[in-house]
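Summary of structural features
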Protein chains: 2
Amino acid sequence: MSNVDNVAPLFKDLADHYVACQDCSLYRFCLPLGLHSRDLQLLDKIIKRSQTYKRGQPLFAAETEFTSLYVVRSGSFKTTISTSNGRDQVTGFYFPGEFIGLDAIHQQTYKSNAKALESSSVCELPFDNLQELGKEMPQLQVQLLTRLSKELAGDKGLMLLLGKKAADEKLATFLLSLSQRFKERGFSAAEFQLSMSRGDIANHLGLAVETVSRLFSRFQDEGLITITGKAIALKDMEKLQSLCE
Amino acid sequence: MSNVDNVAPLFKDLADHYVACQDCSLYRFCLPLGLHSRDLQLLDKIIKRSQTYKRGQPLFAAETEFTSLYVVRSGSFKTTISTSNGRDQVTGFYFPGEFIGLDAIHQQTYKSNAKALESSSVCELPFDNLQELGKEMPQLQVQLLTRLSKELAGDKGLMLLLGKKAADEKLATFLLSLSQRFKERGFSAAEFQLSMSRGDIANHLGLAVETVSRLFSRFQDEGLITITGKAIALKDMEKLQSLCE
DNA sequence: TCATATCCATGATCTAGATCAATTAAAGCT
DNA sequence: AGCTTTAATTGATCTAGATCATGGATATGA
């Protein structure tokens, strides 16, 4: 997640320093929520925090062995799945506190590709260790279940978007979803950086790049947004909202 | 799930008689898989098995309080979500052994509508009881997690379908997905009844009814299938497969 | 059993958004 | 700093599939 000058950089140091769960600014979005202090320390021990990823670097690849879940610590990622003939679909964008890899549990194989969109870091949760811990920590299992359920609900919403919405409704819905997630994390809901390319946005929404580009221009002409490169400001949230239906 | 004459009716009596989990023909698809006999009996006790639903009857409605997960025992269901202005998207079809309501866990509110497509029955799993049980039965939690993960992976596949596939690819993919699920359940992979309407299929695939109707006719002309009303036979699986990409 | 509603098939037409094409603007690299 | 590659914008054209329209087939129900 990129910063905007006028916004408090809540997460800026996460990539650089070791931060225990209990001191982490992501605590309230994250897995440990609701765990007792003792349990939290046990969880803390199994988390690998070393990794950082550069723009474009893969976190994992489809069809490789599932070993770990990941939680974004800083930056952002995208996931994609592919047809056998090479077309692919961006299935999600992931920001600090969000889980990546949940759809790999059932077959013990990653089904998606995950790539960093900018310089990013993650907490790695080796799944076997997590399950061991879960046996003595029902609360942890509940958290995991809740996370999975939340992603599932989000994906149903995306199915509605992909199946039933017009291009402008899709883009408006997408922008407000980003806005909401930035807001929850203490960033400005109105101004932020798009860490993903126009192509990624288009792909994710089931549109052509050109359509997204034209819509950005049109939205700007209509006073809904201002956009310069990757920097976007939402100027008329109400109208954007009404566009989502 | 409807029957076809030449197929062994594995599940035919489930709606009529009480069947304990350990005697249930769905056992190997279902939640109890891997539980010890003692645990199985405990699970068995919290399951409500009374309900049957007629064609069109709701199992639950969106925006109502989440109380239970459901597993289809016989028949089939569809789930839908709606935009505020009344358009809706069929998010899934559910057959015996499949879970309904998993996306409601995180907000304790059903997000979707679930409706029976034919005379159907379910096992109701009150979620609070299930969680109580989960505290002493890690294996149960693992099963739940796995189920959620599987549905999540399926939905990512649907996103690929909705976002990137052409109409004929969508329909072929859909038919083979049904075929696969029938096969897993001991029914014919080649001949089955479509319990859902053309409209439901079209909606689910992000198409117009007319397009689905035309495609069924075209597939029949091309010798890929034969279809008479709700009865369909897949005549050329290889070609259908190659259409999916 | 007949009536009425819903579902399905097929043809004719239209359009949102894809594709093609050319230009400009940013990012990376050495 | 300049060179090369990739990303983004904008315009012109095309097309897959939506929409509109009609008639036939299947259910539902008094």
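Numbers given to residues run from 1 along each chain, matching the order in which its sequence is written. Chains carry letters from A onward and ligands carry numbers from 1 onward, assigned in written order. Confidence filtering applies because this is a predicted model: local features only for residues at pLDDT of at least 70, side-chain atom pairs given and counted only at 80 or more, and all residues used for totals across whole chains, interfaces and linings. Side-chain numbers come from the whole structure's heavy atoms, not from hydrogens or water.

**Quick look at the protein's contact with DNA strand D**
Taken together, 17 residues lie near DNA strand D, and Ser213, Arg214 and Ser217 of chain A together with Ala167 and Thr211 of chain B sit nearest. Within 4 Å of the protein, the atoms of DNA strand D are drawn from sugar and phosphate moieties in a proportion of 63%. Whenever a nitrogen or oxygen atom comes within 3.5 Å of another N or O atom, the pair is scored as a polar contact, on the condition that within protein one atom can donate a hydrogen and the other can accept it, and that pairs from neighbouring residues in sequence are kept only if both atoms are in side chains. At 2.3 Å from a phosphate oxygen of DNA strand D is found a side-chain nitrogen or oxygen belonging to Ser217 of chain A. Ala167 of chain B is positioned such that a nitrogen or oxygen atom in its backbone is 2.9 Å from a phosphate oxygen of DNA strand D. Under the DSSP-based scheme used, a helix requires at least four consecutive residues in state H or I and a strand at least two consecutive residues in state E, with every element numbered from the N terminus. Every element with two or more residues in the surface near DNA strand D is listed here: helix H5 (198-205) and helix H6 (209-221) of chain A together with helix H6 (209-221) of chain B. It is H6 of chain A that contributes the most residues to the surface near DNA strand D, 4 residues altogether. Each residue gets one label: Ala, Val, Leu, Ile, Met, Phe, Trp, Tyr, Cys and Pro are nonpolar, Asp, Glu, Lys and Arg are charged, and the others, such as Gly, are polar. Classifying every residue of the surface near DNA strand D gives 4 nonpolar, 6 polar and 7 charged. Note on definitions. A residue lies near a molecule or strand when any single heavy atom of the residue is within 4 Å of it.

**Observations regarding the domain arrangement of chain A**
By convention, interface size is frequently given as the accessible area that disappears when the constituent parts associate. Residue and element names in this part refer to chain A. The start and end points of each domain follow an automatic or database-based domain assignment. The domain boundaries assigned to chain A delineate domain 1 (3-158) and domain 2 (165-244). On a C-alpha basis, the centroid separation for the pair domain 1 and domain 2 is 24 Å. Throughout, a contact is declared for two residues whenever any of their heavy atoms are within 4.5 Å. Contacts between the two partners involve 25 residues from domain 1, matched on the other side by 18 residues from domain 2. Taken over both partners, the interface formed by domain 1 and domain 2 buries close to 1,900 Å², and the fraction arising from carbon and sulfur atoms is 56%. What makes a salt bridge here is a side-chain nitrogen of Lys or Arg within 4 Å of a carboxyl oxygen of Asp or Glu, nothing more. At the junction of domain 1 and domain 2, the tally comes to 3 salt bridges. It is strand E5 (residues 88-94) that provides the largest number of residues to the side of domain 1 that touches domain 2, a total of 7 residues. Of the residues in the side of domain 1 that touches domain 2, the class split is 13 nonpolar, 6 polar and 6 charged. As used here, buried area is the combined drop in accessible area, with a 1.4 Å probe, of two parts when they are placed together.

**Observations regarding the pairing of strand E7 (residues 113-116) of chain B**
Where a strand is regular, its side chains alternate between the two sheet faces. All names here are of chain B. Side chains Ala114 and Ala116 of E7 all project onto a buried face; the interleaved residues Asn113 and Lys115 project onto a face where none is buried. Strand pairing is assigned whenever DSSP identifies at least 2 bridges connecting the two strands. Here 2 bridges tie strand E2 (residues 58-60) to E7, and the two strands are oriented antiparallel to one another. Each residue of the ladder has a partner; that of Pro58, found in E7, is Lys115. Pairing analysis gives 4 bridges linking strand E4 (residues 77-82) to E7, with the strands arranged antiparallel. Throughout this description, buried means an accessible area under 20% of the type-specific maximum (1.4 Å probe, protein chains only), exposed means over 50%, and partly exposed covers the range between.

**Let's talk about the packing of aromatic side chains**
Residues and elements named next belong to chain A. A pair of Phe, Tyr and Trp rings is counted when the ring centres sit within 6.5 Å of each other, with Trp represented by its six-membered ring. The angle between the planes then sorts it: under 30 degrees is stacked, over 60 is edge-to-face, the rest tilted. All chains considered together, the criterion is met by 17 aromatic pairs over all chains. When the centroid spacing of 6.5 Å and the interplanar angle of 65 degrees are considered together, the rings of Phe182 and Phe187 count as edge-to-face. Like Phe182, the residue Phe187 is buried in the burial classification. Over a ring means this: the NZ of a Lys or the CZ of an Arg is within 6 Å of the ring centre and within 35 degrees of the ring normal. In this structure, Arg185 is placed above the aromatic ring of Phe29, and the distance from its NZ or CZ to the ring centre is 4.9 Å.

**What to know about the relation of the copies chain B and chain A**
Here two copies of a chain appear, and what relates them is a rotation about an axis with a shift along it. Only residues with pLDDT of at least 70 in both copies contribute their C-alpha atoms to the least-squares superposition of the copies. Expressed as a screw operation, the relation of chain B to chain A combines 0.0 Å of axial shift with a rotation of 180 degrees, fitting to an RMSD of 0.0 Å. The two molecules are tied by a two-fold rotation axis, judged by turn and shift. Taken together, the interface assignments show that 100% of the residues at the interface of chain B recur at the interface of chain A, consistent with an identical surface on both copies.

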